[in-house]
Amino acid sequence: MVDVTEKEMDNCTFKSDTVLSDVHLHCPNKRHLMVRLNAVGQPVFLSYFKILWNTEDLPSEKHVREAVTEREHQYRSGDELCDQDRNNLKKERELNSEGVEALLDDDGDLDVVRRPRRASDLEAEDLLRDKVYPVILMKGKDDAFEDEEQECACSDVVKIEHTMATPLEDVGKQVWRAAFLLADYILFKRDTFRCCSVLELGGGTGITSIIMGTVAKRVYCTDVGEDLLAMCEQNVALNKHLMEPGRGEVKVKELDWLKDEFCTDPEAPYSWSEEEIANLHDHCSVIMAADVFYDDDLTDALFRTLYRITHNLRHSCTVYLALEKRLNFTLRHMDVTCEAYSHFRNTLNDLENLQDRKMKYTVEPIKLDFCQFLVYERIEQL
């Protein structure tokens, strides 16, 4: 999660309270197309994410290492560096060997390294990703969408409407790396989830539920906020072509973690019917959530909701939680900390040690050595 202050991207200016996901800016070879304004006046973009069934298309660590080695060799071969670039290269090597500690200066402040910009530097970067920026299209310019419409016909392209940047309370309208990580795991373990009944908590734009819908029988994709849920429902409709072969179904529903009951008001949009609640309790065997642990109060609310729902399930259930461990410098600690992650782990530990005669929770970490089917940075903090 990046807090951007007065950063310009084409004609877009982000204010000091803006939260921006790295995913939207590092999607290789794609354009972000602004398609409309949502109900609260935020620009909505349409992005295309290709599922790489042939994972050889992704840059390997070997290629990246070779590019970096070549760059350093060119530096040593007589390409003169200024003192600042030479210091930055030294810091980069230190960071690779020491981790986040190398980001701190003598006073303990975060010191961001500016890498030298040489031609070979750009070549190494191209192996990892091509930076892209939003393209603002005028309504009615159908010819500008011609390439995208042809791509839409592909059975391996996920189309997602999202916002590019939001205030903290609207981060669900963006796409986050942990959602891609969980989607990767679903694609890798397709047989595990085949024909399951699944509940997603904090589904956001719905990308993880859509991927799950390609293999599962039924997915309840839940979040809160009519504007967000409408965007999620639109994304489900945009990707029906992916779910039709397996006859999967994704239902978008409201689920507020701060309330103790499902919304069953027939007049309310995205409410639950009694039949749907009964179906969830009778058949749900998988619950998942991606990148929803960034606020302590919401984390507590989610675990209360998780306990309440699993307590009413007829069968045992597996819960998959994906998140990014975010490093932040805090004045309270005068150090780099991971407070949101630490609170998550403490709460998870409390759940595992819960003394309940009817239920028992066990926690098991998943190694991140499974195949990567979507293009994003699978960083160590995931």
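No experiment lies behind these values; they were computed from the predicted model shown.

A.B. asks: Give me the lowdown on the overall build of the protein, citing residues and values where you can.
C.D. replies: Regarding its fold elements, the protein presents 13 helices and 16 strands. Looking at the protein residue by residue over its 382 residues, the buried ones come to 46%. Of all intrachain contacts in the protein linking residues separated by at least 6 positions in sequence, the fraction that spans at least 24 positions is 70%. Of the roughly 21200 Å² of accessible surface on the protein, 47% is carried by carbon and sulfur atoms.

A.B. asks: Help me get a handle on helix α6 (residues 177-188), residues and values and all.
C.D. replies: Its 12 residues place the ends of α6 17 Å apart at the C-alpha level, agreeing with the 16 Å of an ideal helix rising 1.5 Å per residue. Among the residues of α6, R177, A178, A179, F180, L181, L182, A183, D184, Y185, I186 and L187 are the ones counted as buried.

A.B. asks: Before we move on, can you summarise the sheet that holds strand β10 (residues 197-200) with the specific residues and values?
C.D. replies: A sheet is described by the order of its strands in space; here five strands give the open sequence β12-β11-β10-β13-β14, paired in parallel fashion. Both edges of this open sheet fall to β12 (249-254) and β14 (318-322), since each of them pairs with a single strand only. Taken pair by pair, the neighbouring strands of this sheet meet at an average axis angle of 20°, ignoring direction. Pairing of β10 with strand β13 (residues 284-290), which is carried by four bridges, proceeds in the parallel orientation. Residue pairing across strands places L199 opposite I287, the latter belonging to β13.

A.B. asks: Hey, could you go over the nonpolar core for me, with residue numbers and the actual values?
C.D. replies: One recurring pattern in soluble globular proteins is that nonpolar side chains are buried together. Within the largest apolar cluster, 44 residues are counted, with the highest numbers of intra-cluster contacts made by V158 and M212. Element by element, the count of residues in this core is highest for α6, at nine residues. Once residues within four sequence positions are removed from consideration, M212 is found in contact with I186, F193, V198, V219, V286 and M288. Listed in part, the 26 residues of the second largest apolar core include L201, Y220, L255 and F303.

A.B. asks: Just give me the short version of the packing of aromatic side chains, but keep the residues and values in it.
C.D. replies: All chains considered together, the criterion is met by 14 aromatic pairs. A ring pair is formed by F293 and F303, whose centres lie 6.0 Å apart and whose planes are at 35°; its orientation type is tilted. Taken together, the residues span a long stretch of sequence, with F293 in the loop between β13 and α12 (296-311) and F303 in helix α12 at a distance of 10 residues. Owing to a relative accessible area of 3%, F293 belongs among the buried residues under this scheme. By relative accessible area, which is 6% here, F303 ends up buried. An aromatic cluster of at least three residues, connected via ring pairs, comprises Y185, F188, F193, Y320 and F370. One cation-aromatic arrangement involves R308 over F262; the distance from NZ or CZ to the ring centre is 5.5 Å.

A.B. asks: I'd like a rundown of the packing of α12 against helix α13 (residues 339-352), residues and numbers included.
C.D. replies: Remark: α12 packs on α13, axes separated minimally by 10 Å, with the N-to-C direction vectors making an angle of 25°. In terms of axis orientation, α12 runs roughly parallel to α13. Both α12 and α13 take part in a crossing whose hand is right-handed. Side by side, α12 and α13 meet where D296, T299, D300, F303 and L306 of the first sit next to E339, A340, H343, F344, T347, L348 and L351 of the second. Broken down by class, the residue content of the contact of α12 with α13 amounts to six nonpolar, three polar and three charged.

A.B. asks: Could you give an account of the state of the cysteines, naming the residues involved and the relevant values?
C.D. replies: The tally for this structure, following the rule as stated, stands at zero disulfides. With no disulfide of its own, C317 lies 4.7 Å from the sulfur of C284, the closest cysteine sulfur. By relative accessible area, C317 is classed as partly exposed at 24%.

A.B. asks: So what's going on with unusual backbone geometry? Which residues, and what values?
C.D. replies: You will see that Y270, though not glycine, has its phi angle at about 65°, which is positive. Counting through the fold element by element, Y270 comes out in the loop between β12 and α11 (274-283). Residue Y270 is classed as buried on the basis of its relative accessible area, which comes to 15%. The phi dihedral of D291 falls on the positive side, at around 55°, and the residue is not glycine.

A.B. asks: Lay out the pattern of salt bridges in plain terms, naming residues and giving numbers.
C.D. replies: As enumerated under the stated definition, the model contains 15 salt bridges in all. The salt bridge involving R314 is made with D282; its shortest N-O contact spans 3.6 Å. Of this pair, R314 sits in the loop between α12 and β14 while D282 sits in helix α11; the two residues are 32 residues apart in sequence, bridging distant segments of the chain.

A.B. asks: Just give me the short version of the side chain of D184, but keep the residues and values in it.
C.D. replies: By the secondary structure assignment, D184 is in helix α6. Judged by relative accessible area, which is 0%, D184 ranks as buried. Reaching out from D184, the side chain makes a polar contact with the side chain of Y376 at a distance of 2.6 Å. Not counting residues within four places of it along the chain, the set of residues in contact with D184 comprises F370, C371, Q372, F373, L374, Y376 and R378.

A.B. asks: For the confidence of the model for the protein, give the residues involved together with the corresponding values.
C.D. replies: Per-residue pLDDT for the protein has a mean of 78; in total, 65% of the residues score no lower than 70. Of the regions scoring below 50 in pLDDT, residues 60-72 engages in 11 contacts with residues more than four places distant in sequence or in other chains. Confidence drops under a pLDDT of 50 for residues 127-149, and excluding neighbours within four residues, the segment shows 45 contacts in the predicted structure.

Cut-offs and rules
Residues numbered from 1 in each chain as written. Predicted model: local features only at pLDDT ≥ 70, side-chain atom pairs only at ≥ 80, totals over all residues. Heavy atoms only, no water. Helix = DSSP H or I, 4+ residues; strand = E, 2+ residues; numbered from the N terminus. Buried < 20%, exposed > 50% of the residue type's maximum accessible area, 1.4 Å probe, protein only. Contact = heavy atoms within 4.5 Å. Areas by Shrake-Rupley, 256 points an atom, 1.4 Å probe, with all protein chains shown as cover. Expected span 1.5 Å × (residues − 1). Pairing = 2+ DSSP bridges. Axes fitted to C-alpha atoms, helices over the stretch in contact; angles between N-to-C directions. Core = buried A, V, L, I, M, F, W, Y, C linked by side-chain atoms within 4.5 Å. Phe/Tyr/Trp six-rings, centres within 6.5 Å; stacked < 30°, edge-to-face > 60°. Lys NZ or Arg CZ within 6 Å of the ring centre and 35° of its normal. Parallel < 35°, antiparallel > 145°, perpendicular 65-115°, else oblique. Left-handed = near helix turned anticlockwise from the far one by under 90°. Nonpolar A, V, L, I, M, F, W, Y, C, P; charged D, E, K, R; others polar. Disulfide = S-S within 2.5 Å. Salt bridge = Lys/Arg side-chain N within 4 Å of Asp/Glu carboxyl O. Polar contact = N/O pair within 3.5 Å; in protein donor to acceptor, adjacent residues only side chain to side chain. pLDDT = per-residue confidence, 0-100.

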